[in-house]
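# Observations on the three-dimensional arrangement
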Amino acid sequence: MSNDSHVHCGTSIHHPTECADEQHEGGSLDLAPLRECIAQAVRDVKSKTPLAQSFTNFVTINLVANAQLAAGGTAAMSFLPDDVIDTAAISGADYINVGTLLPFYKDALPQIARAFHKNGHRWVLDPVAAGIGKTRTEILRAFRAAPPTIVRGNASEIIALATMWGLISPDEASRPAGVESVDDVDAAVGPAKKLAQFLADAAPDHQAAVAVSGAVDLVTDGAQVYRLPGGSALMAKITGAGCSLGGVTATYLAVAEPLTAALAASLLYNRAGEIAEAKAEGPGSFQVHLLDALWNLTPEQVSSSPITVG
Ligand SMILES: Nc1ncnc2c1ncn2[C@@H]1O[C@H](COP(=O)(O)OP(=O)(O)OP(=O)(O)O)[C@@H](O)[C@H]1O
Ligand SMILES: Cc1ncsc1CCO
Ligand SMILES: [Mg+2]
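Residues numbered from 1 in each chain as written. Chains lettered and ligands numbered in written order. Predicted model: local features only at pLDDT ≥ 70, side-chain atom pairs only at ≥ 80, totals over all residues. Heavy atoms only, no water.

The chain is annotated in an unreviewed UniProt entry as Hydroxyethylthiazole kinase of Bifidobacterium scaligerum.

A tally of helices and strands in the chain yields 13 helices and nine strands. Within the chain, buried positions represent 56% of all 310 residues. A separation of at least 24 residues holds for 74% of the contacts in the chain among residues at least 6 apart in sequence. Carbon and sulfur atoms provide 55% of the accessible area of the chain, an area that totals close to 12,200 Å². (Helix = DSSP H or I, 4+ residues; strand = E, 2+ residues; numbered from the N terminus. Buried < 20%, exposed > 50% of the residue type's maximum accessible area, 1.4 Å probe, protein only. Contact = heavy atoms within 4.5 Å. Areas by Shrake-Rupley, 256 points an atom, 1.4 Å probe, with all protein chains shown as cover.)

R152, S213, D217, G242 and C243 are the nearest of the 19 residues found near ligand 1. Within the side chain of N154, one N or O atom sits 3.1 Å away from an oxygen atom of ligand 1. Separating an oxygen atom of ligand 1 from a backbone N or O atom of C243 is a distance of 2.9 Å. Within the complex, the protein chains bury 87% of what would otherwise be the 620 Å² of accessible surface of ligand 1. Where the shell around ligand 1 is concerned, the elements lending two or more residues are β5 (150-154), α10 (241-253) and α11 (258-279). In terms of residue count, α10 provides more of the shell around ligand 1 than any other element does, four residues in total. In terms of residue class, the shell around ligand 1 is made up of eight nonpolar, nine polar and two charged. (Near = heavy atom within 4 Å. Polar contact = N/O pair within 3.5 Å; in protein donor to acceptor, adjacent residues only side chain to side chain. Nonpolar A, V, L, I, M, F, W, Y, C, P; charged D, E, K, R; others polar.)

Turning our eyes to something else, we now look at the environment of V98. Inspection of the secondary structure puts V98 in the loop between β3 (93-97) and α6 (105-119). Residue classification places V98 among the buried residues on the basis of a relative accessible area of 0%. Sequence separation between V98 and G72 is 26 residues, and the spatial gap between their C-alpha atoms is 25 Å.

This next bit is on the site of ligand 2. Neighbouring ligand 2 are N57, V59, T60, G99, T100, V128, V179, T239 and C243. When ligand 2 is considered free in solution it has 280 Å² of accessible area, and contact with the protein chains removes 74% of it. Each residue belonging to the shell around ligand 2 can be placed in one class, and the counts come to four nonpolar, five polar and no charged.

Written as structure tokens, this is what we have:
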């Protein structure tokens with residue numbers, strides 16, 4: 001997993017002193033090193049075809065695997081703790097999505113998270129429908145003691161998770177929203193930053209990120225907040241745009257640091273959504289064109305995408 005550019009990308013972007021001197025598109029932050037890390041992550045996935053394993057919901061499992069393949073990685077899906085834990089030895093990062101739960105998941109998922117935590121294995125959590133149901137809440141609460149490296153969700157899910165982990169007061173939270181968001185991305189800025197700080201404190205290398213999807217996506221490492229405009233409203237008219245974005249985030253996390261991985265995946269999706277919308281006649285062909293665009297986009301197209309800081 002590590003090489004020179006990887007280490008460089010992992011360290012340079014987290015030292016504001018290296019970036020704070022000049023005025024750039026990102027306000028006081030020079031985004032050039034971060035953009036190079038994003039391009040390198042996209043390149044590395046295409047050349048190294050990393051495995052990112054998934055424990056994900058039954059609705060969108062096929063799109064998650066196909067999107068990981070289209071981005072350049074490989075996929076493996078499993079629901080058996082010993083299988084998942086063994087496969088993690090060859091998986092660069094894992095993706096866990098709590099969208100469709102079965103009773104045995106209540107023990108299986110915390111067991112898997114504890115094993116990842118013990119082994120320092122990186123993983124992405126998609127807290128689908130956070131706030132709904134006693135079992136889902138118990139599972140998500142259990143992850144607090146063995147946290148993921150990246151949390152990726154819509155605004156309502158990020159707010160609900162930050163609330164159940166005691167990082168924000170319940171007054172700041174909204175009502176649970178099913179699998180769709182009822183909150184704007186802006187409402188999740190504070191909770192996302194607190195969540196990212198919590199994850200970074202728990203991470204062996206103190207690196208973590210939170211990605212909030214919506215009309216304008218937001219990514220934060222707990223220190224900086226990056227906004228990523230674009231995408232397509234048609235992404236909300238197929239099921240699994242968010243889930244497959246989470247799976248692809250894990251694919252990038254297999255080769256890059258968390259902030260870089262979260263940014264690269266969200267930027268890739270925004271560009272792919274725009275290309276697919278231009279070609280599609282409706283949701284069915286949109287999904288087909290989305291996969292093609294994930295495959296065809298270049299590292300430079302992804303890394304030169306609009307990013308604003310703050
Ligand atoms: N109105 C919109 N305009 C542009 N892009 C959007 C819009 N809504 C969602 N997206 C994009 O769709 C992708 C999925 O985000 P979304 O917030 O729909 O995830 P989600 O709610 O977790 O989805 P799901 O649970 O169906 O998988 C992201 O790349 C996001 O940028
Ligand atoms: C529709 C749906 N229901 C449970 S998971 C899922 C996929 C989107 O999150
Ligand atoms: Mg979702």
